[in-house]
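# Geometric and topological summary
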Amino acid sequence: MERQKLHSGWSLQIAGEMEKIPATVPGSVYNDLLTNGRMEDPFWRDNEMKALKIMEHDFIYTTAFTVEPSVRASEQILLHCDGLDTICELYLNDVLLGYADNQHRTWEFDVQDLLKDGENILKIIFYSPTRYIKEEQKKIIVDGSSHAMVGFPHIRKAHCMFGWDWGPRLPDAGIWRDIELLGINEARIDSVYITQNHADGKVDLELEVEADVLCEECGISYDVTLTAPDGTVSRYEDSPESISVENPQLWWPTVYGAQPLYTVRVELKVENTVVDVWEKRIGLRTMTMHIEKDEYGESFAHEVNGVQIFAMGGDYIPEDNIFSRITPKRTRKLLEQCAAANYNAVRVWGGGYYPDDWFYDACDELGLMVWQDMMFACAVYELTEEFEENIRQELIDNIKRLRHHASLGLWCGNNEMEMFVDQWEWVTTHKQKADYIKMYEYIFPNILKEYDPNTFYWPASPSSGGSFDCPNDPNRGDVHYWEVWHGNKPFSDYRNFYFRYASEFGFQSFPCEKTVEGFTLPEDRNIFYGLAEKHQRMDPANGKIMNYLYQTYRYPTDFGTLLYASQMLQAEAIKYGVEHWRRNRGRCMGAIYWQGHASSPVASWASIDYFGRWKALHYYAKRFFAPLMLSCCEESTMTQEPNVNAENQDIEKSIRLSVANETMKEQSVVVRWALRNNDASVVQRPEDAVTPPARSSQWLEKVCFPEADIHTQYASFEMEQDGQIISSGSVLFCAPKHFIFLDPKISVTVKGDELIV
């Protein structure tokens, strides 16, 4: 098959205006306007509203091209579009090719008879997304998250582009992925599906190769080449339906094993001529969800190669509100930062987009399991025949594109819709509620049964399995838990629950001062000032942060200290939950916090801010997601009676340590704890040798300190292996604001690229 990229020579014109500006393809309207100095940075101060107003216009992309001889000589020529965002018409040489209305789909148009030998003009008109949803909402009401623009469910476009409680309203438009001509001769590969059968020390790979054939009389066949991780090449001819891999090297999530990848190359032949090639990397593994009745309810755990794994990671949203700025290098860096914080999983949230291939390539290589939501979130949809056909093709396109990846752990139907539809949130008719079941429990699983039966499907997040059967049940399936934060519950409330899999829970913080300087002027830097609140997408959240802060810390003395204190609050909150659930491994088997990173410079739940700077939470994650971790379940005023006027009551002061071992073998460690005075001098300091089994959590004996002074004494703990401290921490017996801290007289100097403390 011949390919000709159509990435050059493009111009952008705002409909109704004469001027054209150079355009980058792949790219977007916002990106082109920014590059050409025709709009201001939408993240600076309150520029978002100016940028949003731009989207009331229509936009015209135009290019001129000459068809390459190899393409021109093909039997069939298609215009292939990997991403059109979103409502648009395509014209070739002033002839209407067709209409596209789904950002998440691949679009193809037969252009064989319209191409000229000389110059050809391709024009794509993108219609205003904001005007579109307003007009459609007048016809029929569909509802969704109040944080997004009214009517956003009408358009198959990343929902978060219309605003969310962590991001701005920037509904961009344009040719956001590759666009090219495909020249087809005799046949092309439509898809290759590989089923793995593991048994008796080998893996049999069953191959389903489907082709689009132009010539029914042609003799179609294919050859397969398998390249092992060590470079060994095996070739199989004459259309093999299966091939065997002896002594297979298995793919594992990080920590549990290595991530060897095999390259499968399928060459489609007509007679003896290769006409098309499909080449992908796969990992040899089995992966599903382990669901089994037990004494607590029903388990819900990733199972890879027969081993149940405790999932640890964060929720993934688009990395930038301007998608064309998301690059392979940027995505790779983000996922490497996730791996550096000991993630073994990421959940792709359903209100964004299906990431590019390079996202999953990096997850394959880094050993990060992917929970993949379909792109439906916090909304209700009107299921017409046209809408059903549109989303059916959307799913097919993306399932076929992504199903071979070793990291793909499961497909999930939607984000937070079973739970809220069950409560009649967003629902305006009985039909819309009935349509929910039809979409996620009939249409979607049937599509997957045909196109990817080997990957586990889960109808919603959270869910207990579907049918509105107690979604968000703490004893089954996955849970989104927001009582800490939205419900104003204290951090200790996490310990009241032993969720089977916590796929969303979070706590907000402000970005660091350097990041705030990137979108404000000095006079803007007050969290209750209008411009600062523009970068806080959840209305009451700044006050909520202050409410939690007053319960925990003393009042910050300056703006920078306030930002820092908010990050310490966030880190402590998430640590409280994760460590509790890891201490109860087996009952709970997943902790995916909301969220891993930010898509714009805002106050949010992210642990990495928009500019890639780690917040305190990400440093904490590296510790509380460590494969071998020591944590402490303490009793103090914070867990019993935080009111300072009640501190003289009979408060239990105790610690109980736990060693979490998420590795594949038993470990030998030494655990120490100490009761210390506030000058760090030791009152007591025993130690124990501990050998936690593989994939376990082991409790140590509880230790009580009835005589400890809660304002001047605290407990520290550490775990040593092979002479190195690998995990440590400390706990107070009162709120930090009530503890009498001494000045440690810390000095910091800079020497080259080192900080000396």
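Residues numbered from 1 in each chain as written. Predicted model: local features only at pLDDT ≥ 70, side-chain atom pairs only at ≥ 80, totals over all residues. Heavy atoms only, no water.

## Considerations on the overall build of the chain
Looking only at helices and strands, the chain has 15 helices and 44 strands in total. The C-alpha atoms of the chain give a radius of gyration of 28 Å, which matches the 27 Å a tight globule of 757 residues would have. Along the first, second and third principal axes, the C-alpha atoms of the chain reach 90 × 65 × 65 Å. The burial tally for the chain puts 58% of its 757 residues in the buried class. Residue pairs in contact within the chain that sit at least 24 positions apart in sequence constitute 70% of those at least 6 positions apart. Here the chain displays about 30,600 Å² of accessible surface, and carbon together with sulfur accounts for 47% of that area. Averaging the coordinates of the 72 positive side-chain charges in the chain and doing the same for the 115 negative ones gives two points 5 Å apart. (Helix = DSSP H or I, 4+ residues; strand = E, 2+ residues; numbered from the N terminus. Rg over C-alpha atoms; globule rule 2.2 N^0.38 Å. Buried < 20%, exposed > 50% of the residue type's maximum accessible area, 1.4 Å probe, protein only. Contact = heavy atoms within 4.5 Å. Areas by Shrake-Rupley, 256 points an atom, 1.4 Å probe, with all protein chains shown as cover. Lys, Arg positive; Asp, Glu negative; His and termini not counted. Charge placed at Lys NZ, Arg CZ, Asp CG, Glu CD.)

## Here we look at helix α9 (residues 430–451)
Note on helix geometry: an α-helix contains 3.6 residues per turn, so any two residues three or four positions apart are oriented the same way. In this model α9 runs 31 Å from its N-terminal to its C-terminal C-alpha over 22 residues, within 8% of the 32 Å that 1.5 Å per residue would give. In the structure, α9 departs most strongly from a straight axis at Met439, where the bend amounts to approximately 35°. Those residues of α9 that sit buried are Gln432, Lys433, Asp435, Tyr436, Met439, Tyr440, Ile443, Phe444, Ile447 and Leu448. (Expected span 1.5 Å × (residues − 1). Bend = angle between axes of the 7 residues up to and from the residue.)

## Let's talk about the sheet that holds strand β1 (residues 2–5)
Within the open sheet, the four strands sit side by side as β1-β14-β5-β9. Their pairing is antiparallel. Since the sheet does not close on itself, it has two edges, and those belong to β1 and β9 (107–110), each with one partner. Recorded for the sheet is a direction-independent mean angle of 25° between the axes of neighbouring strands. By the bridge criterion, six bridges tie strand β5 (residues 76–81) to strand β14 (residues 179–184) in an arrangement that is antiparallel. Each bridged residue has a counterpart across the sheet, and for Leu78 the counterpart in β14 is Leu182. (Pairing = 2+ DSSP bridges. Axes fitted to C-alpha atoms, helices over the stretch in contact; angles between N-to-C directions.)

## Considering the nonpolar core
Ranked by size, the top nonpolar core spans 120 residues in total, and within it Phe376, Phe444 and Phe624 carry the most contacts. Residue contacts for Phe444: discarding those within four places in its chain leaves Met374, Phe376, Ile391, Leu395, Gly413, Met439 and Tyr457. (Core = buried A, V, L, I, M, F, W, Y, C linked by side-chain atoms within 4.5 Å.)

## As for helix α7 (residues 385–402)
Across its 18 residues, α7 extends 26 Å between first and last C-alpha, which sits within 8% of the 26 Å expected from 1.5 Å per residue. For α7, the set of buried residues is Phe387, Glu388, Asn390, Ile391, Glu394, Leu395, Ile396, Asp397, Asn398, Ile399 and Leu402. As for α7, its buried residues are in contact with α6 (357–366), β30 (408–412) and α9.

## Quick word on a nonpolar patch on the surface
Taken together, the side chains of Ile746, Val748, Val750, Leu755 and Val757 define a hydrophobic patch exposed on the protein surface, amounting to about 570 Å² of accessible area. When you line up the elements, Val750 lands in strand β43 (residues 749–751). (Patch = residues over 30% accessible without salt bridge, like charges linked within 9 Å, V, L, I, M, F, W, Y side chains within 5 Å. Salt bridge = Lys/Arg side-chain N within 4 Å of Asp/Glu carboxyl O.)

## Thoughts on unusual backbone geometry
The omega angle of the peptide bond from Val25 to Pro26 is -5°, so this bond is cis rather than trans. Structurally, the position occupied by Pro26 is in the loop between β3 (21–22) and α1 (29–35). Between Asp85 and Thr86 the backbone carries a cis peptide bond, its omega angle lying at -5°. For Thr86, the location among the structural elements is in the loop between β6 (84–85) and β7 (88–92). If you check the backbone angles, Asp238 has positive phi at about 65° while not being a glycine.

## Concerning the sheet that holds strand β21 (residues 273–282)
Across the sheet, four strands lie side by side as β18-β17-β20-β21; this open sheet has antiparallel pairing. The open sheet is flanked by β18 (233–236) and β21, the only strands paired with a single partner. Here the strands of the sheet are splayed against their neighbours by 15° on average, with no regard to which way each runs. Examined bridge by bridge, strand β20 (residues 262–270) and β21 share nine bridges and lie antiparallel to one another. Considered in β21, the bridge of Arg265 is made with Glu279.

## Considerations on the packing of aromatic side chains
Here the structure, examined in full by the defined rule, presents 50 aromatic pairs. Each ring, one from Tyr436 and one from Tyr440, has its centre 4.7 Å from the other, and the planes form 45°; the classification is tilted. Taken together, the positions of Tyr436 and Tyr440, both in helix α9 and four residues apart, correspond to about one turn of that helix. Like Tyr440, Tyr436 is buried. Ring geometry for Phe499 against Trp581: centres 5.6 Å apart, planes inclined by 50°, an arrangement best described as tilted. Of this pair, Phe499 sits in the loop between β32 (479–480) and β33 (502–504) while Trp581 is found in helix α13 (residues 559–583), placing the two residues 82 residues apart along the sequence. Residue Trp581 is classed as buried on the basis of its relative accessible area, which comes to 0%. Through a chain of ring-to-ring contacts, three or more aromatic side chains come together here, namely Phe376, Tyr381, Phe387, Tyr436, Tyr440, Phe444 and Phe468. One cation-aromatic arrangement involves Lys433 over Phe468; the distance from NZ or CZ to the ring centre is 5.1 Å. For the cation-ring pair, Lys544 lies above Trp485, with the distance from its terminal atom to the ring centre recorded as 5.8 Å. (Phe/Tyr/Trp six-rings, centres within 6.5 Å; stacked < 30°, edge-to-face > 60°. Lys NZ or Arg CZ within 6 Å of the ring centre and 35° of its normal.)

## Thoughts on a negative patch on the surface
Negative charge collects at one region of the surface, where Glu206, Glu208, Glu210, Glu241 and Glu450 lie side by side. If one sorts the elements of the negative patch by residue count, strand β16 (residues 202–213) sits on top with three residues. Relative to the helices and strands, Glu241 is located in the loop between β18 and β19 (242–246). For Glu241, a relative accessible area of 64% gives the class exposed.

## Regarding the packing of α7 against α9
The packing of two helices is summarised by the inter-axis angle and the distance between the axes. For the pair α7 and α9, the least separation of the axes is 10 Å and the interaxial angle reads 40°. Classed by the angle they form, the pair α7 and α9 counts as oblique. When the axes of α7 and α9 are compared, the crossing they make is right-handed. Here Phe387, Glu388, Ile391, Arg392, Leu395, Ile396, Ile399 and Lys400 of α7 come into contact with α9, specifically with Lys438, Met439, Ile443, Phe444, Ile447, Leu448 and Tyr451. In the contact of α7 with α9, the residues fall into 11 nonpolar, no polar and four charged. (Parallel < 35°, antiparallel > 145°, perpendicular 65-115°, else oblique. Left-handed = near helix turned anticlockwise from the far one by under 90°. Nonpolar A, V, L, I, M, F, W, Y, C, P; charged D, E, K, R; others polar.)

## Here we look at the pattern of salt bridges
With the rule as written, the count across this model stands at 48 salt bridges. Residues Glu180 and Lys5 are paired through a salt bridge, measuring 3.6 Å at the closest nitrogen-oxygen approach. With Glu180 in strand β14 and Lys5 in strand β1, this residue pair connects regions lying 175 residues apart in the sequence. The exposure class of Glu180 is buried, given its relative accessible area of 3%. Measuring nitrogen to oxygen at the nearest pair gives 2.6 Å for the salt bridge that ties Lys157 to Asp85. Taken together, the residues span a long stretch of sequence, with Lys157 in the loop between α4 (129–139) and β11 (162–164) and Asp85 in strand β6 at a distance of 72 residues. The class for Asp85 is buried, based on a relative accessible area of 3%. Through salt bridges with shared partners, a single network forms among Asp223, Arg235, Glu237, Arg265, Glu267, Lys269 and Glu279.

## Considerations on the side chain of Gln721
Tracing the chain through its elements places Gln721 in strand β41 (residues 713–721). Of note is the side chain of Gln721, whose polar atom sits 2.8 Å from the side chain of Gln667. Within the local environment of Gln721, its side chain forms a polar contact with the backbone oxygen of Ser668, the two atoms lying 3.4 Å apart. (Polar contact = N/O pair within 3.5 Å; in protein donor to acceptor, adjacent residues only side chain to side chain.)

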